Amino acid sequence: AGLSGVAGGLIATAGLLTETRRNNAGTPFVIHWLVVIVLALGFDYIWTQRRVRNQDKAVIRRLMRRMAFAALPGLAAGLAITLAFVWLNRTSELFPYWMLCYGAAMSAVGLMSPREVSWMAWAFLIAGALALALQTSGMGWIGLPAFGFSFGLFHCAYGVLVGVREGW
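Residues numbered from 1 in each chain as written. Predicted model: local features only at pLDDT ≥ 70, side-chain atom pairs only at ≥ 80, totals over all residues. Heavy atoms only, no water.

## Structural notes on the packing of aromatic side chains
Turning to step 1, where the next piece is worked out: Under the criterion given, the structure shown has 15 aromatic pairs.
Turning to step 2, where the next piece is worked out: Here the aromatic rings of Trp 33 and Trp 98 are separated by 5.6 Å at their centres, their planes lie at 75°, and the arrangement is edge-to-face. Here Trp 98 lies in helix α4 (residues 95–110) and Trp 33 lies in helix α2 (residues 26–51), a separation of 65 residues in the sequence.
Turning to step 3, where the next piece is worked out: Owing to a relative accessible area of 3%, Trp 33 belongs among the buried residues under this scheme.
Turning to step 4, where the next piece is worked out: Centre to centre, the rings of Phe 124 and Phe 151 are 4.7 Å apart; their planes meet at 65°, and the pair counts as edge-to-face. Highlighted residues: Phe 124 in helix α5 (residues 115–136) and Phe 151 in helix α6 (residues 143–166), separated in sequence by 27 residues. Phe 151 shares its class with Phe 124; the two are buried.
Turning to step 5, where the next piece is worked out: Every member of this aromatic cluster is reached through a ring pair, and the members are Phe 29, Trp 33, Phe 95, Trp 98, Tyr 102, Phe 124, Phe 147, Phe 149, Phe 151 and Phe 154. (Phe/Tyr/Trp six-rings, centres within 6.5 Å; stacked < 30°, edge-to-face > 60°. Helix = DSSP H or I, 4+ residues; strand = E, 2+ residues; numbered from the N terminus. Buried < 20%, exposed > 50% of the residue type's maximum accessible area, 1.4 Å probe, protein only.)

Okay, structure coming up:
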């Protein structure tokens, strides 16, 4: 649903704006971003359920299950990388990797979704690769702003495109 894309972008931006020195390492870091993810997924679930109310539930459930399994390898890689960076106390370097893992997960989901999902996946992969290249070449500060730009803007743009085309 278009609204879930916009909500996801706004929630990611709020997560970026609430990232502080107090919660940018260790357990507080994990809790902070887990709350952001749960909120985004919660809104996505609510608006998707609202949108498919009048459609064949069995078909939608089967498709949603396949999409979740398709995304799982990319998201599991992101989780493993996150835990490693948290363990090494290097969370400030993590954000381009999240962009890349999310792009890989959305690329798999894009095979069963509207074309905008594939476009968003490629945008994440390109932005993540660029952010990682810049971060490793001396611009260590670029990861978090690139993350905020990509997760905020790309999700909002996706939501608006889908919302305009298919209705909110």
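## Section: a nonpolar patch on the surface
Turning to step 1, where the next piece is worked out: On the surface, Ile 31, Val 35, Leu 39 and Phe 43 cluster together to form a nonpolar patch covering roughly 340 Å² of accessible area.
Turning to step 2, where the next piece is worked out: Turning to its location among the elements, Val 35 is positioned in helix α2. (Patch = residues over 30% accessible without salt bridge, like charges linked within 9 Å, V, L, I, M, F, W, Y side chains within 5 Å. Areas by Shrake-Rupley, 256 points an atom, 1.4 Å probe, with all protein chains shown as cover. Salt bridge = Lys/Arg side-chain N within 4 Å of Asp/Glu carboxyl O.)

## A look at the packing of helix α1 (residues 2–17) against α6
A pair of packed helices is captured by two measures, namely the crossing angle of their axes and the spacing between those axes.
Turning to step 1, where the next piece is worked out: Orientation of α1 relative to α6, taken along the N-to-C sense of each, is 165°, at an axis distance of 6 Å. By the angle class used here, α1 and α6 are roughly antiparallel. Judged by the sense of rotation from one axis to the other, the crossing of α1 with α6 is left-handed. Facing α1, whose interface residues are Gly 2, Gly 5, Val 6, Gly 8, Gly 9, Leu 10, Ala 12, Thr 13 and Leu 16, α6 presents Leu 144, Gly 148, Phe 151, Gly 152, His 155, Cys 156, Tyr 158, Gly 159, Val 160, Val 162 and Gly 163.
Turning to step 2, where the next piece is worked out: Its residues assigned to classes, the contact of α1 with α6 comprises 10 nonpolar, 10 polar and no charged. (Axes fitted to C-alpha atoms, helices over the stretch in contact; angles between N-to-C directions. Parallel < 35°, antiparallel > 145°, perpendicular 65-115°, else oblique. Left-handed = near helix turned anticlockwise from the far one by under 90°. Contact = heavy atoms within 4.5 Å. Nonpolar A, V, L, I, M, F, W, Y, C, P; charged D, E, K, R; others polar.)

## Some points on unusual backbone geometry
Excluding glycine, most residues fall at negative phi; most peptide bonds, likewise, are trans.
Turning to step 1, where the next piece is worked out: Of note in the backbone geometry, Asn 89 takes a positive phi value of approximately 60° without being a glycine.
Turning to step 2, where the next piece is worked out: Its location among the elements puts Asn 89 in the loop between α3 (57–87) and α4.

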